[in-house]
Amino acid sequence: MLGLGSLSSVGVIATAKTKYQSDQIKLLDNPKRTFKVFGGITLRKHASARGILYGAAAREDLLVSNPELATSYAQQCGILVPEWELKWNILRPAPDKFDFTKADWLAKFAHTHGMLFRGHTLVWHEALPPWFNSTVNQQNAQKFLVEHITTVTKHYAGHMHSWDVVNEAIEPNDNRADGLKNTPWLQFLGPDYIDLAFRVAAQADPKALLVYNDYGLEYDNPKDEAKRTAVLKLLERLKSKGTPIHGLGIQSHLTGYETHFNPKKLRRFLADVASLGLKILITELDVVDQKLPAAFTVRDRIVAATYEDYLSVVLAEPAVIAVLTWGLSDRYTWHSTYAPRSDKAAVRPLPLDSQLKPKLAWNAMARAFDKAPRR
Ligand code: G3I
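Let me begin by describing the structure that accompanies this report. (Residues numbered from 1 in each chain as written. Predicted model: local features only at pLDDT ≥ 70, side-chain atom pairs only at ≥ 80, totals over all residues. Heavy atoms only, no water.)

1. So, the pairing of strand S4 (residues 162-167)
Logical step 1: Counting buried positions along S4 gives six out of six residues, so the element sits mostly inside the fold.
Logical step 2: Judged from the four bridges that link them, strand S3 (residues 116-123) and S4 form a sheet pairing that is parallel. Bridging across to S4, Arg118 finds its partner in Ser162.
Logical step 3: Of the pairings in the sheet, the one linking S4 to strand S5 (residues 209-214) comprises five bridges and is parallel in character. Directly across from Trp163, in S5, lies its bridge partner Leu210. (Buried < 20%, exposed > 50% of the residue type's maximum accessible area, 1.4 Å probe, protein only. Helix = DSSP H or I, 4+ residues; strand = E, 2+ residues; numbered from the N terminus. Pairing = 2+ DSSP bridges.)

2. Regarding the packing of helix H11 (residues 222-240) against helix H12 (residues 263-274)
Logical step 1: Put simply, H11 and H12 touch, their axes get as near as 10 Å, and they point 10° apart. Comparing the axis directions of H11 and H12 gives the class roughly parallel. Residue-level contacts link Glu225, Arg228, Val231, Leu232 and Leu235 of H11 to Lys265, Phe269, Asp272 and Val273 of H12.
Logical step 2: When the residues that make up the contact of H11 with H12 are grouped by side-chain class, the tally is five nonpolar, no polar and four charged. (Axes fitted to C-alpha atoms, helices over the stretch in contact; angles between N-to-C directions. Parallel < 35°, antiparallel > 145°, perpendicular 65-115°, else oblique. Contact = heavy atoms within 4.5 Å. Nonpolar A, V, L, I, M, F, W, Y, C, P; charged D, E, K, R; others polar.)

3. Regarding helix H15 (residues 360-371)
Logical step 1: The terminal C-alpha atoms of H15 lie 16 Å apart, and with twelve residues this matches the ideal 16 Å at 1.5 Å per residue to within 8%.
Logical step 2: Within the sequence span of H15, burial applies to Ala361, Trp362, Asn363, Ala364, Met365, Ala366, Arg367, Ala368 and Phe369.
Logical step 3: On its buried face, H15 sits against helix H2 (43-48), strand S1 (53-58), helix H4 (67-76), strand S8 (279-288), helix H13 (296-314) and strand S9 (320-325). (Expected span 1.5 Å × (residues − 1).)

4. With respect to the pattern of salt bridges
Logical step 1: Under the definition given, this model contains 22 salt bridges.
Logical step 2: Here Asp178 and Arg176 are joined by a salt bridge, their closest N and O atoms 2.8 Å apart.
Logical step 3: Asp330 is paired through a salt bridge with Lys359; the nearest N and O atoms lie 2.7 Å apart. Of this pair, Asp330 sits in the loop between S9 and helix H14 (335-338) while Lys359 sits in the loop between H14 and H15, placing them 29 residues apart in sequence. Neither Asp330 nor Lys359 differs from the other in exposure class; each is buried. (Salt bridge = Lys/Arg side-chain N within 4 Å of Asp/Glu carboxyl O.)

Following this line, the structure appears as structure tokens:
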């Protein structure tokens, strides 16, 4: 039960947070900062000129119904990742059935437009099909996992740039010594399910870059610090037992009013990951504008500054080979449902606006690519 003391401290925290946010907004909104870009070329070209891949997550239903959106993807992206279509709940309508229709459409679209294709994700505790809980148990979990990874990776073998083999398996708050999240896969198979997943994927598709993907690694706060430490330990354990892992995916869902950003600490983490011989991919970049001022001019400036500041730090690390945004245009973004604004204004977290016109965030990305060291 909350006593009076705890109630008043909740009030203090709430006030402090609001003041914190408004202070950050003042700090970040710099009307004198320009985002000039030269060259008149696409993001894909700005990135590839430095040996970096740029691309975005896409949904089959949206590309089919919005030809002009499809054209923007074809112009801007050098690599495509399905936002939903390769997850268990879409691929596995029934325990003994695979349906690749939607994912294959995206693979073909990518191929037709000369883009690489990446897979997200083979092992996750979310987006599982409705039959999962009543069907998968300790006795058959290994069979399901191995069969799933083998079937899906073989289906695209030789054509997949990279796979997020395991997604979001670390959760320091679950208080395990190994930092692993308490998921059904962990409960059924124990901590070695991660090693197993990578080995099965490597056997079925020896050409794909095999990646561990996670979020909450970006900022300088105790939560992200604990996660960086736990992820690094996981990567070290996997490397030391010879697991065929080739990369770390840093999701990079950023927040527009957050200044607990410490370039030095982030660079150190990236260098530690790189020193294990791993590549790094920025896999789901976007910037939440939920609590930023409503005016587009201010909001777009802060979002753009967040993109440019973050990318200029991560792209200085040569092991970072790819940057993907989680969507391309503000017309469709998971943030409209997961982080909507209280004033009901449309959210603006991506490089193109809802009319598919480049925003300052687009310029910010192009500038960060232009300034990045060549790979
Ligand atoms: O399945 C129905 C579909 O049949 C129907 O057409 C559609 C109509 O709205 O709803 C569908 O469900 C959606 C589901 O994805 C598809 O599996 C949900 O509404 C939607 O909220 C759900 O969310 C996605 C989520 O992953 C779960 O798959 C988000 O769009 C997607 O952005 C999000 O992506 C995750 C990454 O995989 C991992 N990292 C975090 C990131 C954001 O949460």
